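# An overview of the molecular structure
Listed below, chain by chain, are the residues.
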There are 2 protein chains.
Amino acid sequence: MKLYDLELSGNCYKVRLFLALIEQPYTLVPVDFLAGAHKEAPLSDMNPFCEIPILTDGDLTLRDSQAILVYLARKYGGEAWLPTEPSAMAQVMEWLMMAENEIARGQNDARLHDKFGYELDHGLAVQKAERVLKLLEDRLEGREWLVHDRPTIADIACFPYVALGHEGRIPVGDHPNVQGWIDRIKDLPRFVGMPEL
Amino acid sequence: MKLYDLELSGNCYKVRLFLALIEQPYTLVPVDFLAGAHKEAPLSDMNPFCEIPILTDGDLTLRDSQAILVYLARKYGGEAWLPTEPSAMAQVMEWLMMAENEIARGQNDARLHDKFGYELDHGLAVQKAERVLKLLEDRLEGREWLVHDRPTIADIACFPYVALGHEGRIPVGDHPNVQGWIDRIKDLPRFVGMPEL
């Protein structure tokens, strides 16, 4: 497998983290993001969305960090990380969708603005990110993990940008359940970090 | 099964459409959205995100239209709509994520602004929606469906807001591949429509 990667991207990081957790070897291919390499061939042919991460495995080329987590869990991770029973799978999906939508519009956008200078409405991102923190805090009341009483790719998908929130001026702050959940993820065997985390 | 529904919601509609396609009976529970019923108990307990659709099936309660499609496909739809083989499943996921992210920020936001008076940046939504149309037009060059040479929940997830684009001033316009794809979905056996579509 090859992972086309940017070290500072939380979406790339979540793939690196999961590959470490499930002990899958891969080749890291650093992408010169500042030079716009993701917008030019060959990367723009591999992913017309012109984003990273991109994962290749044999003939397969995949975009989108959540879709990549689904692939890796199904192929290499086993039922624990992503169960195939319909109800159990759908409950994991609910939180993959939160990573793709609410957290992307919240914590991720706020960090893109502050850390990378993206022109977007930081106030709106903060508002959405604060809602994310409240939803997670409530969800994690009396729970160790987002679903199924064990870590799944739901946790891996939601964790990075929430834990990097301070880089967009949305620290986890007074949300003890969220902080406990972050600490539990960091305590997982074979956990790897990234800068600022 | 019960579907907590708003007729004019494209996210609710995609669930109604899929239930019709796979011939699953269910009870429709209309939600008084204008009165804010989704923000109050019992709905806000069933879905703390305070959004619809919500699907219940026995003891299971699910939020998020994409997660609901995954559930219905796994439980009632069979392998054709959502294959479980890792690579095939992940390729469907890529487009569920486009529905959850790019189309939500594009066509869906533009329509929320124009049709329901949401205060958001319509110009930004148009920009994102036009990118969605280009990505879909390119993807559908020489293809009938988004993945796997047959209809999957990827098509069902992406279709509604793209086809409703004119309600947010982003008509499909001069995108013949997208228009052909919309027409093929409308030709599926047991297809049901919604207002303005």
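The rules behind these values
- Residues numbered from 1 in each chain as written.
- Chains lettered and ligands numbered in written order.
- Predicted model: local features only at pLDDT ≥ 70, side-chain atom pairs only at ≥ 80, totals over all residues.
- Heavy atoms only, no water.
- Pairing = 2+ DSSP bridges.
- Helix = DSSP H or I, 4+ residues; strand = E, 2+ residues; numbered from the N terminus.
- Axes fitted to C-alpha atoms, helices over the stretch in contact; angles between N-to-C directions.
- Domains from an automatic or database assignment.
- Buried area = accessible area lost by both parts, 1.4 Å probe.
- Salt bridge = Lys/Arg side-chain N within 4 Å of Asp/Glu carboxyl O.
- Contact = heavy atoms within 4.5 Å.
- Polar contact = N/O pair within 3.5 Å; in protein donor to acceptor, adjacent residues only side chain to side chain.
- Nonpolar A, V, L, I, M, F, W, Y, C, P; charged D, E, K, R; others polar.
- Buried < 20%, exposed > 50% of the residue type's maximum accessible area, 1.4 Å probe, protein only.
- Phe/Tyr/Trp six-rings, centres within 6.5 Å; stacked < 30°, edge-to-face > 60°.
- Lys NZ or Arg CZ within 6 Å of the ring centre and 35° of its normal.

All names here are of chain A. In space, the four strands of this open sheet follow the order β2-β1-β3-β4, with mixed pairing throughout. Strand pairing shows two members of the sheet lacking a second neighbour, β2 (27-30) and β4 (60-63), which therefore form its edges. Strand after strand, the sheet turns through a mean of 20° between neighbouring axes, direction not considered. With three bridges joining them, strand β1 (residues 2-5) and strand β3 (residues 54-57) adopt antiparallel strand pairing. Paired with K2 across the two strands is T56, which belongs to β3.

This next bit is on the domain arrangement of chain A. Residues and elements named next belong to chain A. Parsing chain A into structural domains produces domain 1 (2-77) and domain 2 (86-186). Of note, the centres of domain 1 and domain 2, computed from C-alpha atoms alone, are 20 Å apart. Roughly 1,300 Å² is buried in total at the junction of domain 1 and domain 2, and carbon and sulfur atoms are behind 71% of that figure. Summed over the three residues of domain 1 that lose the most area to domain 2, namely L8, K14 and Q66, the buried surface amounts to 35% of that side. Counting every contact that joins domain 1 to domain 2 gives zero salt bridges.

Moving on, we come to the interface of chain A and chain B. With 34 residues of chain A in contact, the opposing surface of chain B contributes 34 residues. Together, A:F49, A:E94 and A:M97 form the three largest contributors to the area buried by chain A at its contact with chain B, with a combined 21%. Remark: the boundary between chain A and chain B carries six salt bridges. As a salt-bridge pair, A:E102 and B:R63 come within 3.7 Å of each other at their nearest N and O atoms. Counting every contact that joins chain A to chain B gives twelve residue pairs in polar contact (both at pLDDT 80 or more). Within the residue set of the side of chain A that touches chain B, elements represented by two or more residues are β4, α3 (65-77), α4 (86-100), α5 (102-116) and α6 (122-139) of chain A. When its residues are assigned to classes, the side of chain A that touches chain B shows 17 nonpolar, six polar and eleven charged.

Right, let's get into the environment of B:L69. Residues and elements named next belong to chain B. Tracing the backbone shows L69 in helix α3 (residues 65-77). The exposure class assigned to L69 is buried, which follows from its relative accessible area of 0%. In the structure, L69 is positioned 87 residues away from I156 in sequence and 8.5 Å away in space, judged by C-alpha atoms. In this structure, L69 is in contact with K14, V15, F18, I153, I156 and A157, ignoring residues within four places of it in sequence.

All names here are of chain A. Counting across every chain of the model gives ten aromatic pairs over all chains. Relative to F159, the ring of Y13 has its centre 6.3 Å away and its plane inclined at 50°; by these criteria the two rings are tilted. Placement of the pair is Y13 in helix α1 (residues 10-21) and F159 in helix α7 (residues 153-163), with a sequence separation of 146 residues. Taken individually, Y13 and F159 each receive the classification buried, so the pair is uniform in this respect. A centroid spacing of 5.1 Å and a plane angle of 80° characterise the contact between F18 and W81, whose relative ring orientation is edge-to-face. Taken together, the residues F18 in helix α1 and W81 in the loop between α3 and α4 connect sequence positions 63 residues apart. By the burial criterion, F18 is buried, and W81 matches it. Ring pairs connect the aromatic residues Y13, F159 and F191, which therefore count as one cluster. Seen from the ring of F49, R63 lies directly overhead, with NZ or CZ sitting 3.5 Å from the centre.

A word on unusual backbone geometry. Here the bond from A:A41 into A:P42 is cis, since omega is 5°, no more than 30 degrees from zero. Checked against the element boundaries, A:P42 lands in the loop between β2 and α2 (43-46). Here the amide bond leading from B:I52 into B:P53 is cis, since omega sits at 10°, within 30 degrees of zero. Looking at where B:P53 falls in the secondary structure, it is placed in the loop between α2 (43-46) and β3 (54-57).

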